[in-house]
Amino acid sequence: MPAPRGAGVVTARDLARRLGVSQSMVSRAFSPGASIAPEMRARILEAAEALGYRPNIIAASLSRRRSSLVGLVMGELSNPFYPAVLEQLSQALQAAGFQTLLLTVPPGQEADAALPMLRQYHVDAVVVTSASLSSAGAAHWLGDGRAALLFNRAGGEDTPLDSIACDNVAGGRMAAEALLERGRQRIAFIAGRADTSTSREREAGFFAAFAERGLAPPRRIEAGEYSYEAGHRAALSAGEADGLFFANDILALGGLDALRHRLGRRVPQEVSVIGFDDIPMASWPAYELATLRQPVAAMVAASVALLRARLSGQAGPAPHRARLPAELLRRASL
């Protein structure tokens, strides 16, 4: 069934006319979950391939006031944790019938700057991870009838945004308990970016564990950023600390190399090291980093389910905040 000569771009109307079906039937053939007989869907798709027909997704979205597009806004793709999150989140959204649009913002910059472009693409929802979204930006976005969700981030008590994150506070407590059980006495916390809720929450849980036991608070070392180099510098300044909890794994890997190769300290005989996230490199034989594993698969599943509920009007007016438990992996660095 070749396309007519000189016909130009084949439209849904052309395809419907050639097959003797309605234009709405053609539309349903390209809509996942739409009511149409499998044989008819196969016939339309086969004819569309032969004629070179491609549905105009943007035009279709305008007619039904939904694009099925989800914007993903990220600010720290240099952290190995987030490319893995991006892969899982994109795949889960696509399996749920969404398409994704990735925008990045500089570390420390709010995601508000990405919202105008997302509006141009008629994006239905935005997922913000490794970045923040101001209260004003969130209110404007939600006021347009769109959905917004913070992934691995926590907003303030007054934020209208949904959020799905690891229970970082409980994870910080587990790290403190593991170091104390190991008999460590000169313990320090290596903080990440001060403007990230993940570092603040992990620090809060870590310090709370000492206060609950009536112990003096651990030393706090500011790394300033989430990077291998920052972790390396922080470990060099840790002095004779015998227990180090890094705010994330990439910091901890830099710290491990500094301890072993620059300071000549034995891990874990002289000093124990714990990270957070469980990035792939953490389990490499060269590191065997003890860490708190984030439940990424469960966080992704919860996020997709919540977005679907929001966009279908079934989630209720109040913001939904879920905190899923981390798992302590007791590897060789502990």
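Residues numbered from 1 in each chain as written. Predicted model: local features only at pLDDT ≥ 70, side-chain atom pairs only at ≥ 80, totals over all residues. Heavy atoms only, no water.

Enquirer: I'm lost on the overall build of the protein chain in this one. Help?
Expert: On a plain count of helices and strands, the protein chain comes out with 12 helices and 12 strands. For the protein chain, the C-alpha atoms occupy an extent of roughly 80 × 40 × 30 Å along the three principal directions. In the protein chain, once contacts between residues fewer than 6 apart in sequence are set aside, the share between residues at least 24 apart is 66%. Accessible surface, the protein chain as shown: approximately 15,500 Å² in total, 53% of it carbon and sulfur. The distance from the centre of the 36 positive side-chain charges to the centre of the 32 negative ones in the protein chain is 6 Å. (Helix = DSSP H or I, 4+ residues; strand = E, 2+ residues; numbered from the N terminus. Contact = heavy atoms within 4.5 Å. Areas by Shrake-Rupley, 256 points an atom, 1.4 Å probe, with all protein chains shown as cover. Lys, Arg positive; Asp, Glu negative; His and termini not counted. Charge placed at Lys NZ, Arg CZ, Asp CG, Glu CD.)

Enquirer: What am I meant to see in the nonpolar core here?
Expert: Nonpolar side chains in soluble globular proteins tend to end up buried together. Counting residues in each nonpolar core, the largest one holds 71 residues, and the members touching the most others are Phe-206, Leu-244, Phe-245 and Ile-274. The contacts of Ile-274, once residues within four sequence positions are left out, are Ala-175, Ala-178, Leu-179, Leu-244, Phe-245, Phe-246, Ala-252, Leu-289, Ala-290, Thr-291, Leu-292 and Leu-334. Of all hydrophobic cores here, the second largest spans 18 residues; its members include Val-105, Ala-114, Leu-115 and Val-126. (Core = buried A, V, L, I, M, F, W, Y, C linked by side-chain atoms within 4.5 Å. Buried < 20%, exposed > 50% of the residue type's maximum accessible area, 1.4 Å probe, protein only.)

Enquirer: Any chance you could explain the pairing of strand β10 (residues 290-293) here in plain terms?
Expert: For a regular strand, side chains alternate in direction, first toward one face of the sheet and then toward the other. Note that strand β9 (residues 272-277) and β10 share four bridges and pair parallel. The partner of Phe-276 across the bridge, within β10, is Leu-292. (Pairing = 2+ DSSP bridges.)

Enquirer: Sorry if this is basic, but what is going on with the packing of aromatic side chains here?
Expert: Two descriptors summarise a pair of aromatic rings, namely the distance from one centre to the other and the angle between the planes of the rings. Taken as a whole and judged by the stated rule, the model has seven aromatic pairs. Aromatic side chains Phe-206 and Phe-207 sit 6.3 Å apart centroid to centroid with 65 degrees between the ring planes, which places their arrangement in the edge-to-face category. Note on Phe-206 and Phe-210: the rings are 5.4 Å apart at their centroids and 65 degrees apart in plane angle, and the pair reads as edge-to-face. In this pair, Phe-206 and Phe-210 both sit in helix α9 (residues 197-212), four residues apart, roughly one turn of the helix. With respect to class, Phe-206 is no different from Phe-210; both count as buried. Put simply, the rings of Phe-189, Phe-206, Phe-207, Phe-210 and Phe-245 pair up and form one aromatic cluster. Residue placement shows Arg-146 over the ring face of Trp-141; its charged tip is 4.9 Å from the ring centre. Above the face of the Phe-276 ring, Arg-202 is positioned so that its terminal group lies 3.8 Å from the ring centre. (Phe/Tyr/Trp six-rings, centres within 6.5 Å; stacked < 30°, edge-to-face > 60°. Lys NZ or Arg CZ within 6 Å of the ring centre and 35° of its normal.)

Enquirer: Got a minute to help me understand the packing of helix α5 (residues 81-95) against helix α12 (residues 296-311) in this structure?
Expert: In a pair of packed helices, the angle between the axes and the distance between the axes together describe the arrangement. Running from amino to carboxyl end, α5 crosses α12 at an angle of 45 degrees, the nearest separation of the two axes being 10 Å. The orientation of α5 with respect to α12, classified from their angle, is oblique. The element α5 and its partner α12 pack so that their crossing is right-handed. Counting all contacts with α5, which are made through Phe-81, Val-85, Gln-88, Leu-89, Ala-92 and Leu-93, the residues of α12 involved are Val-296, Ala-297, Val-300, Val-304 and Leu-307. Its residues placed into classes, the contact of α5 with α12 shows 10 nonpolar, one polar and no charged. (Axes fitted to C-alpha atoms, helices over the stretch in contact; angles between N-to-C directions. Parallel < 35°, antiparallel > 145°, perpendicular 65-115°, else oblique. Left-handed = near helix turned anticlockwise from the far one by under 90°. Nonpolar A, V, L, I, M, F, W, Y, C, P; charged D, E, K, R; others polar.)

Enquirer: Whenever I open this one, the sheet that holds β10 confuses me. Can you help?
Expert: Within a sheet, each strand pairs with its neighbour through backbone hydrogen bonds, oriented either parallel or antiparallel. Reading across the sheet, the six strands line up as β7-β6-β8-β9-β10-β12 and stay open at both edges, with mixed pairing between neighbours. The strands lining the two open edges of the sheet, one partner per strand, are β7 (219-222) and β12 (327-329). Within the sheet, the average angular offset between the axes of one strand and its neighbour, ignoring direction, is 20 degrees. Here three bridges tie β10 to β12, and the two strands are oriented antiparallel to one another.

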